[in-house]
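# Examination of the molecular architecture
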Amino acid sequence: MAEALGLERLSIRDPITPQEDEVKNLTTQASIEFIAKENRPLLILMRGVPGSGKSTIVQHLMHRLKTDAVCSADQYFMRDGKYNFDRSKLREAHNGCQQKAQQLCEQQSRVVIIDNTQVKTWETKAYIQLAKTYGYVVIMLVPLAQHTASPQTLAQRNSHGVDAETIQQKLHMFEEYNPSYFAWFFGKTAAANLAEIRERWVTKVRGLGLLNFAMGKESTSITHMTALHLSNVRENRKADITKKLLTHVGQVNRFEVPAIVITKRTVSARVKLTAEALKWFLNDGPTDETYSHRAGYEDLPKGHSAHITLGTADELQAEVARSDMILSHLCNTKMTIVEDNLKFYSDDELVLIELNPPLHLTGIFAGSYSLRRTN
């Protein structure tokens, strides 16, 4: 792909049209509308050595996403339109960049862009923590030229006079930072609607004496539907699968929620996937040993475990909701229709509520980055 882009032949004055999948995905009309309307802010975290095209991508995103909320340590060294770098002031420059980012996140700016080299993963941690604190979806973006252009080309292209030898050193030092999981993240309005539905039905089910679900501590994570948790992937396949899923980051998909599932352990929204979303949903495996013996397990369709965890009992991991969602497809004995849209399976202690009409949601695909490296 590098050869197709002609990166090695570009002169310092030639324009680059961003070809990164994440950039193209983020600037589709659907993604632009999601960012504008769904009340779920994004933090775009640029990483890459000098000359790799970060600034070109940032300018493109600023224009397409209509934002000027950009934080860069380089801004500290700009005086009267000229760049005057002073290595002794580097810590102050990065502290100033982080402070500006925090102010923008506190103000809930729709899109915040961090434009630094961030060669080491620890350099990103302050911004990932800000995203978690203020409810931002993180899009981590490394330009194509980082992996395709020579240090000589990058030296020619960068605007700060960084030489090829220094760039080669930075390339050698560069640490990959993969997500711990991929998911579709939903806006704050959608999250509030789901929380209201949860409370309404949990209260009703408890009042009917069917189940006594006791909600544990409210999750601090953004409301999402997991597409794949990389801890469930074999090491020899992890790199290829991660590479594939990264090509979908920034895309927006629509979903239908036809039902709510309540057990003593969890409350979840069942999600019906479109054909497009099914291409990226890889969370059905591995086999759930708890229910693999049940009749019908082998016949479950792709996407059967798709769900949004709405709550768990105390000291339970959100992953148990996946098992309860699988169980909801296999219940077939001792079913009581309590109301037209409410079914109680007493043997499995599970309530299925069919939503009429179903709820429709829009989510943006991205990775979730742990503050502890997972790769």
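The rules behind these values
Numbering of residues starts from 1 in every chain and runs along the sequence as written. Side-chain atom pairs in this predicted model are given and counted only at pLDDT of 80 or more, local residue features only at pLDDT of at least 70, and totals for whole chains, interfaces and linings cover all residues. Side-chain metrics in this entry use all non-hydrogen atoms of the structure; hydrogen atoms and water are not considered. What is meant by a nonpolar core is a set of buried Ala, Val, Leu, Ile, Met, Phe, Trp, Tyr and Cys residues, joined one to another through side-chain atoms within 4.5 Å. Partly exposed residues are those whose accessible area sits between 20% and 50% of the maximum for their type, while under 20% is buried and over 50% is exposed, using a 1.4 Å probe and protein chains only. Only DSSP runs of H or I covering at least 4 residues are called helices, and only runs of E covering at least 2 are called strands; the numbering of each starts at the N terminus. For the purposes of these results, a polar contact is taken to be a pair of N or O atoms within 3.5 Å, where, inside protein, one atom must be able to donate a hydrogen and its partner to accept one; residues adjacent in sequence count only when each atom of the pair is a side-chain atom. What makes two residues a contact is simply this: any of their non-hydrogen atoms within 4.5 Å. For two strands to be treated as a pair, DSSP must find no fewer than two bridges joining them. A helix is expected to reach a length of 1.5 Å times the quantity of its residues less one. Directions pointing from the helix axis toward each C-beta atom define the arc. To count as a disulfide, a pair of cysteine sulfur atoms needs to be within 2.5 Å. The salt bridge definition used is simple: a Lys or Arg side-chain nitrogen within 4 Å of an Asp or Glu carboxyl oxygen. Any two of the Phe, Tyr and Trp rings considered here, Trp counted by its six-membered ring, make a pair once their centres fall within 6.5 Å; the pair's planes then place it as stacked at under 30 degrees, edge-to-face at over 60, or tilted in between. Put simply, a charge is over a ring when the Lys NZ or the Arg CZ is close to the ring centre, within 6 Å, and near the line of the ring normal, within 35 degrees.

This next bit is on the nonpolar core. Membership of the largest hydrophobic core comes to 67 residues, with the highest contact counts inside it found for Ile44, Trp184, Ile260 and Ile262. At 8 residues, strand β14 (residues 350-368) tops the list of elements feeding residues into this core.

Turning our attention to the side chain of Asp324. The topology assignment puts Asp324 in helix α13 (residues 320-330). Side-chain polar atoms of Asp324 contact the side chain of Thr263, separated by 2.7 Å. Not counting the four nearest positions on each side in its chain, Asp324 is found in contact with Val261, Thr263, Arg265, Thr266, Tyr291 and Leu350.

Moving on: α13. Most of α13 sits out of view: 10 of its 11 residues are buried. Considered for burial, the residues of α13 that qualify are Val320, Ala321, Arg322, Ser323, Asp324, Met325, Ile326, Leu327, Ser328 and Leu330. Taken together, the buried residues of α13 touch β9 (252-263), β10 (266-272), β11 (307-312) and β14.

Across the 5 residues of strand β6 (residues 137-141), 5 count as buried, placing the element largely inside the fold. The side-chain alternation of β6 yields two buried faces, one formed by Val137, Ile139 and Leu141 and the other by Val138 and Met140. Pairing of strand β1 (residues 42-46) with β6 involves 5 bridges; the strand directions are parallel. Of the residues in β6, the one forming a bridge with Leu43 is Val138.

Attention now moves to the sheet that holds strand β5 (residues 111-115). With parallel pairing, the 4 strands of this open sheet are ordered in space as β2-β5-β1-β6. Each of the sheet's edge strands pairs with one partner strand only, and the pair in question is β2 (70-71) and β6.

The next thing to look at is the pairing of β9. Here β9 lies mainly inside the structure; 9 of its 12 residues are buried. Sheet analysis places β9 next to β14, joined by 11 bridges and oriented antiparallel. From the neighbouring strand, Arg254 faces β14, where its bridge partner is Thr362. In the sheet, β9 pairs with β10 via 5 bridges, with the strands oriented antiparallel. Bridge assignment links Ala259 to a residue of β10, and that residue is Arg270. Between β9 and β10, which pair antiparallel in sequence order, lie 2 residues.

So, on to the environment of Glu33. Along the polypeptide, Glu33 turns up in helix α3 (residues 29-37). Since its relative accessible area comes to 36%, Glu33 is described here as partly exposed. In sequence terms Glu33 and Val252 are 219 residues apart; their C-alpha atoms lie 9.5 Å from each other.

Once that is clear, we can look at helix α10 (residues 188-207). Between the first and last C-alpha of α10 there are 28 Å, a value that for 20 residues agrees with the 28 Å anticipated at 1.5 Å per step. Among all positions in α10, only Ala190, Ala191, Leu194, Ile197, Arg198, Trp201, Val202 and Val205 are buried. Around the axis of α10, the buried residues are gathered within 125° of arc, so they sit on the same side. Residues of α10 that are buried make contact with β7 (181-186), β9, β10, β11, β13 (342-345) and β14. One or two steps after α10, the chain reaches Gly209, where phi turns positive at roughly 75°.

Next up on the list: the state of the cysteines. Across all of its chains, the model carries 0 disulfides by this definition. In this structure Cys71 is not part of a disulfide, and its nearest cysteine sulfur, from Cys97, lies 5.1 Å away.

By secondary structure assignment, the location of Phe344 is in strand β13. The spatial distance from the C-alpha of Phe344 to the C-alpha of Leu211 is 9.3 Å, given a sequence separation of 133 residues. Apart from the residues within four sequence positions on either side, Phe344 is in contact with Leu210, Leu211, Lys334, Met335, Thr336, Val338, Glu349, Leu350 and Val351.

Attention now moves to the pattern of salt bridges. Scanning all chains against the criterion turns up 10 salt bridges. When the shortest N-O distance is used, the salt bridge between Glu349 and Lys264 registers 3.0 Å. Separated by 85 residues along the polypeptide, Glu349 in the loop between β13 and β14 and Lys264 in the loop between β9 and β10 bring together distant segments of the chain. Residue Glu349 is classed as partly exposed on the basis of its relative accessible area, which comes to 35%.

Turning to the packing of aromatic side chains, a few remarks are in order. Counted according to the given criterion, the structure contains 5 aromatic pairs. Their ring planes at 70° and their centres at 5.2 Å tell us that Trp184 and Phe255 sit as a pair that is edge-to-face. Here the residue Trp184 occupies a position in strand β7, and Phe255 occupies one in strand β9, the gap between them amounting to 71 residues. Looking at Trp184, the relative accessible area reads 0%, which means it is buried. Seen from their ring centres, Phe186 and Phe255 are 6.0 Å apart, and the 80° between their planes marks the pair as edge-to-face. Of the two residues, Phe186 sits in strand β7 while Phe255 sits in strand β9, which places them 69 residues apart along the sequence. Stacked on the ring of Trp280, the Lys or Arg Lys244 has its end atom at 5.7 Å from the ring centre.

Just geometry here; none of it tells us what the structure is for.
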